[in-house]
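# Observations on chain architecture
Spelled out, the chains give:
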Amino acid sequence: MKLPPWKRCVIKIGSSIIAPDGRGCATKYLLPIANFINQSIQDGKEVIVVSSGAVAAGWSTQPQYPRNTPLSIPRKQAFSAIGQPMMFFLWKQLFDYPCAQLLITHDDLLNRRRFINVKNTLLELLRLKALPIVNENDTVVVQQLKVGDNDNLSAHVADLVEADILFICSDIDGLYTGNPHLDKEASLISEVRKIDDSVYRIAGDSNNPMAVGGMRTKIQAAEKATSRGIDVVILHGKKAENFDLMARGKFVGTLFHRTMSPRAAKKHWILHALPSSGEIVVDEGAAKALLHRSASLLPSGVVQIYGKFDHGDAVKIYRESVSKANLIAKGLTQYNSEDMRKLTGRQSHEIQDVLGYFASSSIVHRDDMVIVSTVKKEDLI
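Now for a quick tour of the structure. (Residues numbered from 1 in each chain as written. Predicted model: local features only at pLDDT ≥ 70, side-chain atom pairs only at ≥ 80, totals over all residues. Heavy atoms only, no water.)

One way to put it is that helix α2 (residues 30-42) packs onto helix α10 (residues 240-247) with a least axis distance of 8 Å and a crossing angle of 10°. In terms of orientation, α2 and α10 fall into the roughly parallel class. Along its contact with α2, which presents Pro32, Ile33, Phe36 and Gln39, the element α10 presents Ala240, Phe243, Met246 and Ala247. A per-class count over the contact of α2 with α10 returns 7 nonpolar, 1 polar and no charged. (Axes fitted to C-alpha atoms, helices over the stretch in contact; angles between N-to-C directions. Helix = DSSP H or I, 4+ residues; strand = E, 2+ residues; numbered from the N terminus. Parallel < 35°, antiparallel > 145°, perpendicular 65-115°, else oblique. Contact = heavy atoms within 4.5 Å. Nonpolar A, V, L, I, M, F, W, Y, C, P; charged D, E, K, R; others polar.)

Structure (structure tokens):
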């Protein structure tokens, strides 16, 4: 199939490609990828790499810990610290121009100022004709602040740099109608124009013990990226011929088409980067106003507040009760949870009298709110 035209791409490389068979970093599968990157840059295009493999590389230096050994968080962080320079050196030796290493945590994505700083750094590296190599900073991050997998990290990076296309290199040709390891009749799906429940149902898990994400995380990443107007291709990263094809504008894999009406950058950030700090339950009238009239959430429509949060934190908004089926929106609060409880059911003109100050007539302004009725709700943070 023909690739969509692109000028800037993010290419995500998994652990099974960087560290095949769990034996440390190796260029076994990287040379065709490096040739594709070189050819793309020579053609005037821009490339950012999101690379896994640091933990696997570090693990390979510790033979006393076999592959089936459970890893504590400190040990995994230590393995990452050992393996990170090994992984970066592996990439650096493949190119005769500067390479730059960026280690990102989830905290860098949820803090809007740091989010913009990371974006500016990546764009400046591209202007300097350097190749950015991005990974999650497993050496310091704790479980609660992890992006979780490099598939989703690559979608965040593609959003950061406003990429045209995201290539996710896997150890499978793309999305199949069933699990090709179990179903001989399963066939490759070459195009997906809309990611819905049916797409998630056929996404299986990874068979590779070194990989964090299976096909499901790749679909999550594709949903994040396509909603921002970025095409996504999942392809087999161990097949050299795939990269020869891509250099000629073709591919074998699954193309997820970008949406024709991409979500605004700030709302995408609220939806996918900010963790929720609490829940707000609203009555039916408020729910209809949010869903059908693009209204802000006023205190009069609030029924119940759950959790403890500050002004500017993200909260989920439910109609009638807190349940996945009733989730309708996510947004940034204008008041903290303590003050919001005092305002529950009140009219906006009463805010000054109740609190002794006035910040906004709304609890959550429509410009800081995302309706999530079309989003895979269990994947929200």
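Don't stop here, the text continues.
Our focus in this paragraph is the side chain of threonine 217. Along the chain, threonine 217 turns up in helix α9 (residues 215-226). At 2.6 Å, the side chain of threonine 217 and the side chain of aspartate 151 are in polar contact. Setting aside chain neighbours within four positions, we find threonine 217 in contact with Asp149, Asp151 and Asn152. (Polar contact = N/O pair within 3.5 Å; in protein donor to acceptor, adjacent residues only side chain to side chain.)

The next point concerns the sheet that holds strand β13 (residues 369-371). The strand order β10-β9-β11-β12-β13 describes an open sheet built from 5 strands, whose pairing is mixed. Both outer strands of the open sheet, β10 (302-307) and β13, are each paired with one neighbouring strand and no more. Each neighbouring strand pair of the sheet contributes to a mean axis angle of 25°, computed without reference to strand direction. As judged from the 5 bridges shared by strand β11 (residues 314-319) and strand β12 (residues 327-332), these two strands associate in the antiparallel manner. Residue pairing for β12: tyrosine 318 is matched across the bridge by leucine 327. Strands in contact with helix α12 (residues 284-293) are β9 (276-282), β11, β12 and β13; relative to β11, the strand with the most contacts, it is inclined by about 115°. (Pairing = 2+ DSSP bridges.)

This part is about the packing of aromatic side chains. This structure, assessed with the given rule, holds 9 aromatic pairs. Between tryptophan 91 and phenylalanine 95, the ring centres sit 6.4 Å apart and the planes meet at 10°, which makes this aromatic pair stacked. Accessibility assignment for this pair places tryptophan 91 and phenylalanine 95 in one class, buried. The rings of Trp6, Phe36, Phe167 and Phe243 are connected pair by pair, giving a single aromatic cluster. The ring centre of tryptophan 6 lies 4.3 Å from the NZ or CZ of lysine 45, which sits over that ring. (Phe/Tyr/Trp six-rings, centres within 6.5 Å; stacked < 30°, edge-to-face > 60°. Buried < 20%, exposed > 50% of the residue type's maximum accessible area, 1.4 Å probe, protein only. Lys NZ or Arg CZ within 6 Å of the ring centre and 35° of its normal.)

Quick look at the pattern of salt bridges now. Tallied over the full model, the rule gives 12 salt bridges. Salt-bridge contacts for lysine 12 lead to aspartate 151; the nearest nitrogen and oxygen are separated by 3.0 Å. A residue pair is termed long-range when its members are at least 10 positions apart, and lysine 12 in strand β1 (residues 8-13) and aspartate 151 in helix α7 (residues 150-160) qualify at 139 residues. Look at lysine 12 and you get buried, because its relative accessible area is 6%. Taking relative accessible area as the criterion, aspartate 151 reaches 1% and is therefore assigned buried. (Salt bridge = Lys/Arg side-chain N within 4 Å of Asp/Glu carboxyl O.)

From the geometry alone we can't say anything about function, so treat these as descriptive.
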